[in-house]
Amino acid sequence: VQLQASGGGLVQAGGSLRLSCAASARTFSGNIMGWFRQAPGKEREFVAAISWSGGSTYYADSVKGRFTISGDNAKNTVYLQMNSLESDDTAVYYCAAGRATLLRGFYPSRVDYWGQGTQVTVSS
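In short, a report on the structure.

About the cut-offs
Every residue gets a number counted from 1 within its own chain, in the order that chain's sequence is written. Two thresholds apply to this predicted model, a pLDDT of at least 70 for residue-level local features and 80 or more for giving and counting side-chain atom pairs, whereas whole-chain, interface and lining totals are computed over all residues. Here the side-chain values reflect all heavy atoms present in the structure, with hydrogen atoms and water set aside. The rule is short: rings of Phe, Tyr and Trp, with Trp giving its six-membered ring, pair when the centres are within 6.5 Å, and they are stacked under 30 degrees, edge-to-face over 60, tilted in between. To qualify as a helix, a DSSP run of H or I must reach at least 4 residues; to qualify as a strand, a run of E must reach at least 2; elements of each kind are numbered from the N terminus. Using a 1.4 Å probe on the protein chains alone, a residue whose accessible area is under 20% of its type maximum counts as buried, one over 50% counts as exposed, and one in between counts as partly exposed. To form a nonpolar core, buried Ala, Val, Leu, Ile, Met, Phe, Trp, Tyr and Cys residues must be joined to one another through side-chain atoms within 4.5 Å. Throughout, a residue-residue contact means that at least one pair of heavy atoms, one from each residue, lies within 4.5 Å.

**Quick word on the packing of aromatic side chains**
Line of reasoning, step 1. Using the criterion set out here, one finds five aromatic pairs in the structure.
Line of reasoning, step 2. Both rings, one in Phe-36 and one in Phe-46, keep their centres 5.8 Å apart while their planes meet at 80°; by these two values the pair is edge-to-face. Taken together, the residues Phe-36 in strand β4 (residues 32–38) and Phe-46 in strand β5 (residues 45–51) connect sequence positions ten residues apart.
Line of reasoning, step 3. A residue is classified by how much of its surface remains accessible, and Phe-36, at 0% relative accessible area, is buried.
Line of reasoning, step 4. Note on Phe-46: relative accessible area 18%, which makes it buried.
Line of reasoning, step 5. These aromatic residues form a ring-pair network of at least three members: Phe-36, Phe-46, Tyr-58, Tyr-94, Phe-106 and Trp-114.

**A word on the nonpolar core**
Line of reasoning, step 1. Ranked by size, the top nonpolar core spans 38 residues in total, and within it Trp-35, Leu-80, Met-82, Tyr-93 and Phe-106 carry the most contacts.
Line of reasoning, step 2. Breaking this core down by element, the ones donating at least two residues are β1 (3–6), β3 (17–23), β4, β5, β7 (67–72), β8 (77–82), β9 (91–98) and β11 (118–123).
Line of reasoning, step 3. Filtering out sequence-adjacent residues up to four positions away, Met-82 remains in contact with Gly-15, Ser-16, Leu-17, Leu-19, Arg-66, Phe-67, Tyr-93 and Val-120.

Okay, here's the thing in structure tokens:
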């Protein structure tokens, strides 16, 4: 399974971006897709996750109310709509596919496949 992320770029604070992550196949046995991000000098951190089966979602506190994750099963694609962007959102964003019992347990160690990363830069 390959994950192709796109949609990053440069945006001013308060602006919006939409990230997309297309999976090459829906044959992996995992049940979750999501997004992580990594800023320079920091560890990779969880952003948002969605379950393939029921569409349940879960967000990091830092993005709750500003970001929305959604999925299109027919296209094997997951989206991350990012609104009210802040300078602290600047990072490389990675889409991920894997498995966990609960969405809030979707740690990097639970990821089976990573996308290549897309840069998001928010200027203040």
